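Chains, contacts and geometry: an overview
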Amino acid sequence: MKICGNCFNDKELKAMLNQYESVDAKAICPNCKNESKLYDIHLLDSIRDMMEGFLDNYVIHESGKPLGREIKKQWKIFNDSFNEDTIAVIIQNLCLEYCKERKDLFTSNVILEKLLNSDYRDSHLALSTSWDQFTKEIIEVNRYHSRYIQKDVLKSLFSYVETHYSKNDRFFRARTVSKDYIYRKNEMGAPGGRKSSEGRINARGVNCLYLATDEETCIKEIRAGAFEYVCVGTFTVIDSLRLVNLAKITEISPFYLISNNTNIADIALNKSVLEDMDKSIRKPQSSKDDPLDYVPTQFLADYIKSIVDENGNPIYDGIEFKSTHSDTGRNVVLFDADSQSCKCECTNVNKYYIRALDYKKSIITNESTFN
Ligand SMILES: [Zn+2]
């Protein structure tokens, strides 16, 4: 069986493939149909060893899932277009001898062995309930001290979903402005004092600096209208930044975890709750929102802000999340918005006129439906 780099989605395996000689320098891959370098799957011994180490974590159990489905749903190891059966066939070819010994991996349901241990599950869950139940409790029962959260577990999970920025990286921030004025650099920061309004990341009165990774995104985020004027400040990073980006939970390589002596069950157990947290943070804000709905994400942001290293210094400078207004743009919210100590400074301001808006629509219904 032949395989190519596009057959893998996992960064660790993709990188490992480069160390092998290809058997075809350019040909159509029989699995993913891309034109690419092809490798003989039976010669990929380090990738085989990694895969076998990964499979060692699984046992047969009726409460589990077929292996192909488990891998497709839980770990993005292979090309997204592969179905469960293709995934199973590739693994059987890659780990030929191992799979002969463990034939039942492909005929029965499998589960991560650690997940069968209830003590392990209880002590490794970031939330001992669903995100929805946590949300209800924190809004309606106990605002500041949740009994459901295991802070140490959450803290260790955040270390797998970090993004880092360096000196001179740039972000952007927009403000609408009148026709005859341009904001100065020192007017592009957060409002200051107690003037900040309620948001998904900050309670009213708590200052944060909302930025975006590109100009288009920051203009869309403030919902600037057609024929309005907008000032866009460029914010340059002056000291390295360490952020939490929950969306990265879906990109974690199980092989990276295994090589760093982390049990892959730690991530499997908490993946869906971290995805729910990310979804809540990304939800677009509207003036019609009930500010009470922001309480759970404000709690989460405050917790991230409170995490300190062994010297008592805050570890995280802020949070990063995908913008709902753009396919590639991301929002960055820095906890320290004070112009004296903030790790970003406004280094330029451009003024723009919004000539037109580009509406994208989806049909909901048609009048004839009601006749
Ligand atoms: Zn391929």
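Description of the structure in this document. (Residues numbered from 1 in each chain as written. Predicted model: local features only at pLDDT ≥ 70, side-chain atom pairs only at ≥ 80, totals over all residues. Heavy atoms only, no water.)

Next up on the list: the packing of helix α7 (residues 131–140) against helix α12 (residues 295–306). Remark: α7 packs on α12, axes separated minimally by 9 Å, with the N-to-C direction vectors making an angle of 95°. Judged by the angle between their axes, α7 and α12 are roughly perpendicular. Between α7 and α12, the residues in contact are W131, F134, T135, I138 and I139 and V295, P296, T297, F299 and L300, respectively. The residue inventory of the contact of α7 with α12, partitioned by class, reads eight nonpolar, two polar and no charged. (Axes fitted to C-alpha atoms, helices over the stretch in contact; angles between N-to-C directions. Helix = DSSP H or I, 4+ residues; strand = E, 2+ residues; numbered from the N terminus. Parallel < 35°, antiparallel > 145°, perpendicular 65-115°, else oblique. Contact = heavy atoms within 4.5 Å. Nonpolar A, V, L, I, M, F, W, Y, C, P; charged D, E, K, R; others polar.)

Attention now goes to the coordination of the zinc ion. Bound to the zinc ion on the protein side are C4 (SG), C7 (SG), C29 (SG) and C32 (SG), at distances that span 2.2 to 2.3 Å. Taken together, the four donor atoms surrounding the zinc ion define angles of 96 to 123° at the centre, an arrangement classified as tetrahedral. In the primary structure, the donors to the zinc ion are separated according to the pattern C-x2-C-x21-C-x2-C. As far as the burial class goes, C29 and C32 line up, both buried. (Donors = N, O, S within 2.8 Å, 3.2 Å for Na, K, Ca; no water. Tetrahedral: all angles 85-135°; square planar, octahedral: opposite > 155°, others 65-115°. Buried < 20%, exposed > 50% of the residue type's maximum accessible area, 1.4 Å probe, protein only.)

Note that N202 resides in the loop between β7 (170–177) and β8 (209–212). On the basis of relative accessible area, N202 is assigned to the buried category, the value being 4%. There is a polar contact of 2.9 Å between the side chain of N202 and the backbone oxygen of V206. The contacts of N202, once residues within four sequence positions are left out, are S196, S197, C208, Y210 and Q298. (Polar contact = N/O pair within 3.5 Å; in protein donor to acceptor, adjacent residues only side chain to side chain.)

Let's shift gears to the sheet that holds strand β2 (residues 24–28). Sheet strands line up and pair through hydrogen bonds in the backbone, either parallel or antiparallel. Pairing is antiparallel across the open sheet formed by three strands, whose spatial order is β1-β3-β2. Every interior strand has two partners, whereas the edge strands, β1 (2–4) and β2, have only one. The sheet shows a mean angle of 55° between the axes of neighbouring strands, direction not considered. Both β1 and strand β3 (residues 35–40) contribute to a ladder of three bridges, which runs antiparallel. Bridged to C4 within β3 is L38. (Pairing = 2+ DSSP bridges.)

The next subject is the packing of aromatic side chains. Within the structure shown, the criterion is met by 10 aromatic pairs. For the ring pair Y181 and Y183, a centre distance of 5.5 Å and an interplane angle of 85° mean the geometry is edge-to-face. An angle of 40° between the planes, with centres 5.0 Å apart, marks the rings of Y229 and Y353 as tilted. Note that Y229 is positioned in strand β9 (residues 229–237) and Y353 in strand β13 (residues 344–353), a separation of 124 residues in sequence. Of the residues examined, Y353 reaches a relative accessible area of 41% and is grouped as partly exposed. The ring of Y183 carries the charged tip of R175 above its face, separated from the ring centre by 3.9 Å. Seen from the ring of Y229, K351 lies directly overhead, with NZ or CZ sitting 5.0 Å from the centre. (Phe/Tyr/Trp six-rings, centres within 6.5 Å; stacked < 30°, edge-to-face > 60°. Lys NZ or Arg CZ within 6 Å of the ring centre and 35° of its normal.)

Notably, K33 is not glycine yet its phi reads approximately 65°, a positive angle. Turning to its location among the elements, K33 is positioned in the loop between β2 and β3. Judged by its relative accessible area of 57%, K33 falls in the exposed class.

Bringing the environment of Y144 into the picture now. Relative to the helices and strands, Y144 is located in the loop between α7 and α8 (151–158). Put simply, Y144 and T369 are 225 residues apart on the chain and 49 Å apart in space, counted from C-alpha to C-alpha.

Counted by the stated rule, this structure contains 16 salt bridges. Of the charged contacts, one joins K360 and D358 as a salt bridge, the two residues approaching to 3.1 Å between their closest N and O atoms. The same class applies to K360 as to D358, namely exposed. (Salt bridge = Lys/Arg side-chain N within 4 Å of Asp/Glu carboxyl O.)

A separate point is α12. Its 12 residues place the ends of α12 16 Å apart at the C-alpha level, agreeing with the 16 Å of an ideal helix rising 1.5 Å per residue. With nine of its 12 residues buried, α12 lies for the most part within the structure. When we look at burial in α12, the residues that qualify are V295, P296, T297, Q298, F299, L300, A301, Y303 and I304. In this fold, the buried residues of α12 make contact with α7, α8, β10 (241–244), α11 (264–282) and β11 (318–322). (Expected span 1.5 Å × (residues − 1).)

Once that is clear, we can look at the side chain of Q298. Position of Q298 relative to the elements: it lies in helix α12. Residue class for Q298 comes out buried when judged on its relative accessible area of 8%. Within polar-contact distance, the side chain of Q298 engages the backbone oxygen of G199 at 2.9 Å. Once you skip the residues sitting within four places of it in the chain, Q298 turns out to touch E198, G199, R200, I201, N202 and A203.

Before going further, it helps to spend a moment on the packing of helix α3 (residues 67–74) against helix α4 (residues 84–94). Running from N to C, α3 and α4 point in directions that differ by 105°, and their axes come no closer than 8 Å. The orientation of α3 relative to α4 falls into the category roughly perpendicular. Along the contact surface, α3 presents L67, G68, R69, I71 and K72, while α4 presents E84, I87 and I91. Its residues assigned to classes, the contact of α3 with α4 comprises four nonpolar, one polar and three charged.

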